[in-house]
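# Descriptive structure summary
Okay, here's what each chain looks like letter by letter:
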Amino acid sequence: MDLFEYMQQKTMENESPLALRMRPVTLDEVVGQEHIIGKGRLLYRAIKADKLTSVIFYGPPGTGKTTLARVIANTTHASFRQLNATTSGKKEMEEATSYAKQQLGGYGKRTILFIDEIHRFNKSQQDYLLPFVEDGTVILIGATTENPYFEVNSALLSRSTIFELKPLTAENISTLLKRAMADPDRGIGSYKAVLTDEACAFLSDVAGGDARMALNALELAVMTSERNADGTLVIDLDTAEDCIQKRAVHYDKTGDQHYDTISAFIKSMRGSDPDAAVFYLARMLSAGEDVRFIARRIMICASEDVGNADPQALVVAVSAAQAVERVGMPESQLILAHAAVYVACAPKSNAVTNAIYAAMETVREKKTTVPAHLQDAHYGGHESLGHGIGYKYAHDYPNHYVEQQYLPDEIADRHFYEPTDIGYEKTIRAYFKRIKET
């Protein structure tokens, strides 16, 4: 490195955002993620012993994926190369693997290849890495915000250990904010600023587990605030709120947040919790989820989990789906909330769901024939073959009901739909009992 490169690096370090400057250098400086790097944990032991094998770090933004990779780079005796899949292509990958071959062949030194946003590499690019990971030329560290089981080739997954990073807790972020306030070299300790407890608690909570967001907001607050008459620089709650604006909603419409949130939404309606249902609905709407997708899930829940306990639930859900198509946002949030709350508050029964699943299973298991008296007798001379003979027309009997066999002979004793004693199904049960006993 010449003098120009050295000065350029030092300038970039000094001008870098606070979140970048405050990245931990050693493993002991890392805050959070105790479930994978707590003392005695597998990853902690592997890093300390410099025996790391290929890994993939998976988690939301700001949880420390790149930080862990840099800590490993500072800890290991292996060479370290870094690529970002959003800006790197085949050429950069070939240069990195060629360098790794030279290090291994010439010096017996392995190379850690860190690929940020690895899910952005296409299949052929990911396949290119396989032989080098397989023979140990490189130790791969991949970082991704997407579920690797969906976005990373199964061959790479089988050669790597997956570590899921969780959103940092408010306590974790508070620790990082206080560390930045106190550090005069990498942090903003030289500004002699004061962060009030209320502002610290607010930033820690509102960041939603993203340390980068909290640190960037803190830096903005310090850099844009004026000192008081006595020369002190106080970051209070009003300043903190102004610098971060609003709570971050971590939600990816094609990834885990999408599936997890819609799952929680459905389970809340099924569990008769309108408060939770509205909350998860708001979370999806705030993140820009497709209102038609939400409406479809409400319709499904109305049949799957409410069924005939309240047949009106499906009517409300279908009407809501039609309405959001015509109205659009932002008014559609009212329509979806109406339907979601109705379904959540409706009595629940999965008797219809059980009936169709049991019937489908029987169709797969049994070969059956429609009973002759139920077969069509109106075309092709089928009446002469016995089709329809003996059929009893229900409307000719009291209560418009007559007992006769409708199921095929092979399953004549099966029962698929068993109405419950809940909601309107209680009426259905009473109706069947009345007409069959008359």
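## Brief notes about the pattern of salt bridges
- Evaluation of the coordinates by the stated rule reveals 11 salt bridges.
- Measuring nitrogen to oxygen at the nearest pair gives 3.8 Å for the salt bridge that ties D183 to R186.
- Taking relative accessible area as the criterion, D183 reaches 16% and is therefore assigned buried.
- Given the relative accessible area of 25%, R186 is considered partly exposed.
- Put simply, D421 and R429 hold a salt bridge, and the shortest N to O gap is 3.0 Å.

## Quick word on the sheet that holds strand β5 (residues 161–164)
- Spatial strand order, β2-β3-β4-β1-β5: 5 strands in an open sheet with parallel pairing. Across the chains shown, the open sheet's two edge strands, defined by having one partner strand only, are β2 (79–84) and β5. Along the sheet, successive strands turn relative to each other by an average axial angle of 15°, direction set aside.
- Relative to strand β3 (residues 111–116), β2 runs parallel, the two being bridged by 6 bridges.

## Quick notes on the pairing of strand β4 (residues 138–144)
- Burial within β4 is extensive, with 7 of its 7 residues counted as buried.
- Where burial is concerned, the two faces of β4 agree: the one with V138, L140, G142 and T144 and the one with I139, I141 and A143 are both buried.
- Both strand β1 (residues 55–58) and β4 contribute to a ladder of 4 bridges, which runs parallel. From the neighbouring strand, F57 faces β4, where its bridge partner is A143.
- Both β3 and β4 contribute to a ladder of 6 bridges, which runs parallel. Directly across from D116, in β4, lies its bridge partner A143.

Analysis parameters
- Residues numbered from 1 in each chain as written.
- Predicted model: local features only at pLDDT ≥ 70, side-chain atom pairs only at ≥ 80, totals over all residues.
- Heavy atoms only, no water.
- Salt bridge = Lys/Arg side-chain N within 4 Å of Asp/Glu carboxyl O.
- Buried < 20%, exposed > 50% of the residue type's maximum accessible area, 1.4 Å probe, protein only.
- Pairing = 2+ DSSP bridges.
- Helix = DSSP H or I, 4+ residues; strand = E, 2+ residues; numbered from the N terminus.
- Axes fitted to C-alpha atoms, helices over the stretch in contact; angles between N-to-C directions.

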